[in-house]
Structures are given as C-alpha cells and as structure tokens.
Amino acid sequence: MSITYKAGKTPHPFEYRMIFRNIDREGYDPGIQTYLSDGGYESLKKAITMAPAEIQAEVKTAGVRGRGGAGFPAGVKWGFIPPGNTKPVYLICNADESEPGTFKDRYIMHQDPHQLIEGMVITAFAIGCHTAYIYIREEFPYAAQILEAAIEEARANRFVGKNILGSSFDLEIHVHRGAGAYICGEETGLIESLEGKRPYPRIKPPYFPAAMGLYLCPTIVNNVETLCHVTHILKMGGTEYAKLGTPNNTGTRILCVSGDVQKPGYFEVQVGKVTMGQLINEMCGGLRNGRTLKAVIPGGSSAKVLRADEKFKLKDREIGIWDIPMDFDSLAACGSMAGSGGVIVIDDSRSIAWVLNNINAFYAHESCGQCTPCREGSLWMKKISDRIVAGQASPDDVDTLESVAYRIDGRTICAFGEAASWPTESFIAKFRDELKAATSEKLKDAIVNPVTALAAASTGH
Amino acid sequence: MPHQVPVEVEKEIDQRLTRYPDKRSALLPALHAIQGHFRYVPEDLVQWVAAKLELEPIQVMEVLTFYPGFRQTEPGRFHIRVCRTLSCAMAGSHVLMDKLSETAGIDRSHADHHHPICVSKDGRFSIEFAECLASCGTGPVCMVNDDLHEQVRPEDARKLLDRYS
C-alpha cells in the first residue's frame with residue numbers, strides 16, 4: 001500500500017515516519033478495515049503465540065524509553081511487577097497529554113487509534129493484565145468517542161475481549177475521561193483520579209505503580225506513544241528496533257515544535273539523529289523574519305530553558321545550541337531534558353519576564369495543593385513574576401523569586417515540584433540581568449502587599 | 001426547581017459502573033454524563049450522584065470543585081475555552097480572548113480565579129481561559145463546546161461564533 005500525504009503535510013526528508021506513518025495520510029481513516037488492510041494487528045497475532053516473558057525481553061532489548069516525559073525504559077518498568085504477584089495487574093494508557101508544548105498523542109488517537117489499541121493488547125498480554133484503561137484528557141472528547149468505537153471494532157475482530165484470537169487471554173479496555181487537570185498526567189495522580197478522587201499524587205516509594213498502583217494492585221502506566229512503539233517492536237524485533245536512533249536513546253520519537261518558528265508542527269525523527277539546528281532551521285523553516293534566537297525550551301515547559309548563546313559540554317567537546325542532538329542523554333548533559341518532546345522556540349522579540357510569568361501562572365493554576373512548598377510557592381512565584389512583568393517589582397524580587405523556587409525543588413511528594421520550579425530556576429540562572437532590568441530601583445525598599453500588588457497586572461483572568 | 005436525571009443519563013452511568021471493580025471510580029464518568037446533559041452539574045444532583053455511587057456528598061464535592069472541567073454553574077449554550085498557555089499566548093491568545101468576548105457580548109470584568117467563566121447576557125455564549133489544549137503548533141486555539149478551532153485570528157471571531165446558533 002503506497003503512502004501519500006495530504007497537501008502541505010508531506011513529512012520532511014529528515015523524518016522517519018513509523019508511529020506517525022499514518023498521520024495526515026491521504027485516504028487513511030481510523031477504522032479497523034483500513035488498519036487491517038495495511039498489515040494491522042499482525043504484531044498482535046505474533047505476540048499471542050509468544051511467552052509473555054519473551055515479549056518483555058524484546059521490549060527490554062529494544063530499549064524504548066518512555067515518551068511521556070520521564071524517559072524511563074519501558075521494559076525495565078514492566079519488570080518491576082513483583083514476581084509471584086497474585087493481585088490483578090492493570091495497564092493504564094496515559095492519554096492525558098497536557099505538557100505545554102506537546103501535541104502528538106492527540107493525532108495518534110484521532111487518526112490511528114488501532115495502533116494504540118494493538119500496542120495495549122500486546123502490552124497487557126506481556127504483563128498479565130486483563131483490565132486496561134485509557135485515561136484520556138477531557139479536552140479530547142472526539143478522540144474518546146473514536147477510541148471507544150475502535151475498541152468495539154477490535155472486539156468484533158477478536159482482538160479485544162474474551163479469548164483473544166482464540167487464545168485463553170482475555171482483556172477489556174475501557175476509556176476513562178479526565179476533567180481538565182494537568183496533574184492527572186502524573187502517574188499516581190492519574191491513578192487517584194481513576195479511583196474517583198482528587199488527583200493528589202502518591203509518594204514513591206512505596207507507591208511505585210508497578211508495585212502498588214490502581215486499587216493498590218500492580219499497575220503499569222505508559223504514554224500513548226510508548227505503547228505504539230510496542231507494536232513496532234514486536235513487528236521488527238527488539239534488536240532491529242534498537243538499531244534506530246542512537247545507543248541508549250533508541251527508536252524514533254515525535255518532536256513537537258511551537259513558538260517563534262516559520263513552520264511549527266510535529267516531526268518524527270530517529271532519537272538523536274537530528275540536531276536542534278536541523279529541527280528548527282531546516283525542518284521548521286527557521287525563525288520568523290528578521291528575528292534571532294533567544295532561548296529554547298527543549299522538552300515541554302517543565303524542561304530547563306536553554307539560552308541561545310550558551311555553550312554546552314557534551315562528552316569531550318563543547319557545542320552550541322544548534323548542535324545539540326535531540327536525545328535524552330544529550331539534553332540531560334546540557335542541563336535540561338528531552339521530556340515530552342515539546343520544543344518551544346523563543347526569539348528576541350519576547351520579554352523573558354513575560355515568558356516566565358506565563359509559565360509560572362500555568363504551574364500556579366495546576367498545583368494540586370497537597371504539598372505546602374508547591375501550593376504556596378507556585379502562587380508566590382506567579383505573583384512575583386506578575387510584579388516583574390508589570391514593572392512593579394523591587395530588584396530584590398528576582399532573588400526572592402529564585403529562593404522560593406529552590407525551596408520547592410526536591411521538597412514535594414511528586415515531580416510537579418520540580419516541574420514548577422525548574423523554569424524559574426533556569427530562566428533566572430540564564431537571564432538574570434534581563435529580569436533584574438525589568439525591576440524598579442525606586443521600589444527597592446517598598447513594602448509590597450502581594451495580594452493587592454497589581455492584581456490588575458495579571459493577565460491570567 | 002429540582003433537576004431530574006434523565007433515564008438515558010442514568011443508563012449511561014449504570015453502564016460505566018460495570019467497568020470498574022470499585023464504584024467510586026465511576027464518579028468522573030457519572031459527573032461527565034450529568035454535565036453532558038445539563039452542561040453543568042446542578043447542586044441538587046450532588047446528593048443523587050453520591051447515593052448512586054454509595055459515596056458521601058463531600059466525596060462528590062471534592063471532585064466537582066477540584067477539576068476545572070466540571071462546572072457548578074450553568075454556562076452559555078456554547079462554551080468557549082481559549083488556551084492561554086505559553087505557545088498560544090505567544091501566538092496572541094489574549095488578544096483573541098478579548099475579541100471573542102467582545103464579539104459574544106461577554107463582560108469579563110469580574111472574572112477571577114474562583115469564577116473563571118463569564119456568560120453573555122443572552123445566555124448563548126460563555127467563555128473562560130483554559131490551560132494548554134495540546135495543539136501548540138496551530139495556536140492560538142480555542143474550543144467551542146467539543147470542537148477545536150485552530151489558528152484562530154481575532155478578526156475571524158465573528159465568523160467563528162456565527163457557526164454556533
């Protein structure tokens with residue numbers, strides 16, 4: 001079956017379309033007949049004849065790292081289910097895509113749902129799960145309907161339900177809609193939400209989901225894209241899969257670029273085979289006219305910002321921002337992270353104070369409120385950056401803002417504390433002068449009431 | 001006037017209950033079913049949901065008040081959500097919010113963190129900011145009820161809203 005893509009949606013030559021092979025494809029629809037006619041569910045047919053331990057081994061060999069943001073190897077995570085476990089095992093697909101800058105799972109669910117379902121059935125079989133849930137964010141109502149219809153199509157074809165493909169393996173998959181909270185993307189927050197509660201994350205240890213997850217039973221939570229990779233790993237084998245990408249950063253991943261570029265969009269690349277410069281300047285057509293790069297947030301808004309003129313020490317060489325390979329290890333070595341793959345490009349037209357304020361407003365809004373440092377600190381950070389943006393901040397406010405961030409980082413039940421504080425920490429570390437320049441020397445000793453101080457300056461309401 | 005849960009909504013909730021080993025898990029689906037019909041969750045139905053799921057009313061209220069996706073007051077017939085997170089804000093979503101509000105005849109002067117939704121006088125539209133809607137490459141985006149609208153220019157506000165009547 002030949003592939004053509006819709007007008008204006010042809011993948012860039014640097015791409016390697018595997019997960020996104022069918023996105024924007026001419027004549028492709030989310031129905032099962034189309035999926036089957038293109039070789040769909042062959043991986044499941046192969047998997048069901050294998051031993052679950054064999055499948056786990058393939059995924060371990062493949063080395064696929066979580067594509068939701070943490071980048072933890074999926075095969076290793078599956079192995080954390082306690083041996084000799086007798087409780088039900090649950091599989092949860094994390095379809096809560098909410099990390100600012102990220103837009104990939106949306107397209108998989110709307111346009112190629114069976115790729116996800118096949119990956120889920122294979123995964124469930126591999127881990128001994130008979131009940132799986134797709135936790136999908138509330139703001140994807142059509143995708144929820146598409147997925148439910150796809151599950152019924154799969155059921156009619158014996159890919160889901162009782163005695164899958166005539167085997168003794170049963171699996172039910174249920175779609176469960178969220179209700180607009182970013183913290184439900186945190187795996188234990190998601191689990192609390194699935195249990196019908198407020199999504200207050202659990203402390204790990206001991207609440208690693210593989211040990212004690214949904215209903216305190218062993219639970220594997222994987223991102224939409226990660227589960228799709230499982231389908232392809234089964235198809236080509238773990239060893240072949242591991243040849244894609246780069247060592248320890250195997251396979252492909254979808255990068256999402258937004259912000260100040262000519263052609264924002266999604267691009268599936270082999271992990272580490274494309275650099276920041278290739279991504280932004282060639283695949284996205286470069287910056288806007290007459291603009292220069294100021295900063296890049298490389299992995300969703302939680303990722304530490306990279307300054308355009310920074311130098312990075314990568315193994316034994318020193319590189320600039322354009323030369324950073326877009327993989328987990330390189331971006332970590334550069335002091336940030338590959339995260340969710342959401343790349344936000346910031347040019348010289350942008351006020352750093354404004355950018356940071358927008359990010360701080362997001363985290364202040366999304367804090368679940370469970371931990372004092374995050375609940376109080378995230379709002380303080382927002383209010384201080386409100387003042388800075390409004391030109392009503394004292395020069396000491398930048399130091400105060402920084403100290404608040406460091407009092408959240410590492411002192412919370414879940415990684416939202418880091419997510420909320422890293423932007424402030426990194427923007428101040430890299431743009432301290434610009435932020436200080438936005439403050440007002442006249443206000444140096446002014447006593448500022450944080451509640452009334454220019455609430456009007458806040459553009460968030 | 002007390003609200004009655006329609007038969008088909010209760011049937012939906014009963015169906016959802018079968019998908020979980022624990023009734024409390026059906027709370028979000030139950031609230032979605034009710035909000036799907038009434039466009040919000042009326043206060044007098046909190047007790048009904050609690051009884052249906054064998055929960056205490058406070059357990060329903062905890063969830064209803066936490067999640068931005070659940071509304072406790074009636075919105076317009078068409079509810080607009082404008083993304084305000086970084087990429088969409090960079091693409092002009094605050095200007096879009098102002099233009100959409102103006103075009104829909106909505107006064108947002110008393111919107112605040114606890115009352116983010118403002119409704120037009122004729123009840124046709126309501127509007128609020130939303131956080132990242134996961135379509136950053138096509139910003140600024142907004143949703144009108146279940147529909148996503150991408151790359152919405154302020155000058156197209158009238159055309160967009162005219163699609164909903």
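Keep in mind that what you see is a predicted model, and the values were worked out from it rather than measured. (Residues numbered from 1 in each chain as written. Chains lettered and ligands numbered in written order. Predicted model: local features only at pLDDT ≥ 70, side-chain atom pairs only at ≥ 80, totals over all residues.)

Of regular secondary structure, chain B possesses seven helices and five strands. Counting helices and strands in the order they occur from the N terminus, chain B gives α-α-α-α-β-α-α-β-β-β-β-α. With the C-alpha coordinates aligned to their principal axes, the bounding extent of chain B is approximately 50 × 35 × 30 Å. The proportion of buried residues among the 165 residues of chain B is 46%. A separation of at least 24 residues holds for 58% of the contacts in chain B among residues at least 6 apart in sequence. (Helix = DSSP H or I, 4+ residues; strand = E, 2+ residues; numbered from the N terminus. Buried ≥ 20, exposed ≤ 12 C-beta atoms within 10 Å, placed from the backbone. Contact = placed C-beta atoms within 7 Å.)

With that settled, the discussion passes to the interface of chain A and chain B. In this assembly, 45 residues from chain A lie in contact with 38 residues from chain B. Taken together, the elements giving at least two residues each to the side of chain A that touches chain B come down to helix 7 (141–156), strand 3 (172–177), helix 8 (187–194), strand 7 (252–259), strand 8 (265–270), strand 13 (342–347) and helix 13 (352–366) of chain A. With six residues, helix 13 of chain A is the largest single contributor of residues to the side of chain A that touches chain B. Looking at the side of chain A that touches chain B residue by residue, the classes come out as 17 nonpolar, 18 polar and 10 charged. (Nonpolar A, V, L, I, M, F, W, Y, C, P; charged D, E, K, R; others polar.)

This part takes up the environment of A62 of chain A. All names here are of chain A. Summarising the element assignment, A62 is placed in helix 3 (residues 52–62). Residue A62 is classed as buried on the basis of its 27 C-beta neighbours within 10 Å. With 27 residues separating them in the primary sequence, A62 and Y35 have C-alpha atoms 24 Å apart.

Let's shift gears to the domain arrangement of chain B. Each domain of chain B was delimited in the assignment, giving domain 1 (7–66) and domain 2 (78–162). Look at where the C-alpha atoms of domain 1 of chain B and domain 2 of chain B centre, and you get two points 28 Å apart. (Domains from an automatic or database assignment.)

Now for the sheet that holds strand 3 (residues 125–130) of chain B. All names here are of chain B. Across the sheet, which stays open at both edges, the five strands sit in the order 2-3-1-4-5 with mixed pairing between neighbours. A single partner strand is all that each edge strand has here, and the edge strands are strand 2 (118–119) and strand 5 (147–149). Inspection of the sheet shows strand 4 (residues 142–144) paired to strand 5 by three bridges, in the antiparallel sense. Paired with V144 across the strands is D147, a residue of strand 5. (Pairing = 2+ DSSP bridges.)

So, about the pairing of strand 8 of chain A. Residue and element names in this part refer to chain A. Summarising burial for strand 8: five of the six residues are buried, a large majority. Of the strand pairs in this sheet, strand 7 and strand 8 are connected by six bridges, and their pairing is antiparallel. Counterpart to V257 in the pairing with strand 8 is G265. What sits between the antiparallel neighbours strand 7 and strand 8 is a turn of five residues.

This part is about the domain arrangement of chain A. All names here are of chain A. Looking at chain A, the domain boundaries give domain 1 (32–243), domain 2 (246–347) and domain 3 (352–457). Summarising the inter-unit geometry, the C-alpha centres of domain 2 and domain 3 are found 25 Å apart. Domain 2 puts six residues into the contact, and the matching count from domain 3 is nine residues. Residue composition of the side of domain 2 that touches domain 3, grouped by class: two nonpolar, two polar and two charged.

Next up on the list: the confidence of the model for chain B. On average, residues of chain B carry a pLDDT of 97, and 100% of them reach 70 or more. Complex prediction metrics read pTM 0.97 and ipTM 0.98. (pLDDT = per-residue confidence, 0-100.)

On to helix 11 (residues 276–283) of chain A. Residues and elements named next belong to chain A. Inspection of helix 11 places M276, L279, I280 and M283 among the buried residues, and these make up the whole buried set. Down the axis of helix 11, the sector holding all buried residues measures 120°, keeping them to one side. Check the buried side of helix 11 and you find it contacts strand 7, strand 8, strand 9 (293–297) and strand 13. (Arc of directions from axis to C-beta.)

Our focus in this paragraph is the pairing of strand 1 (residues 78–83) of chain B. All names here are of chain B. Counting buried positions along strand 1 yields six of six residues, so the element is predominantly enclosed. Residues of strand 1 alternate between two faces, with F78, I80 and V82 on one and H79, R81 and C83 on the opposite face, all of them buried. For strand 1 and strand 3, the ladder comprises six bridges, and the chain directions are parallel. Within the sheet, the bridge partner assigned to F78 lies in strand 3 and is F125.

We now examine the nonpolar core. One finds I92, M120, V121, Y135 and L279 of chain A together with V82 of chain B to be the most contacted residues of the largest nonpolar core, which totals 196 residues. Apart from residues lying up to four places away in sequence, V82 of chain B is in contact with S93, L96, M97, L100, I127, F129, A130 and C142 of chain B. (Core = buried A, V, L, I, M, F, W, Y, C linked by C-beta atoms within 7 Å.)

Residue and element names in this part refer to chain A. One way to put it is that helix 3 packs onto helix 6 (residues 113–127) with a least axis distance of 7 Å and a crossing angle of 120°. In this structure, helix 3 meets helix 6 at a crossing whose hand is left-handed. Note on element contacts: helix 6 touches helix 3 through I122, F125 and A126, opposite P52, I55 and Q56. Of the residues belonging to the contact of helix 3 with helix 6, the class tally is five nonpolar, one polar and no charged. (Axes fitted to C-alpha atoms, helices over the stretch in contact; angles between N-to-C directions. Left-handed = near helix turned anticlockwise from the far one by under 90°.)

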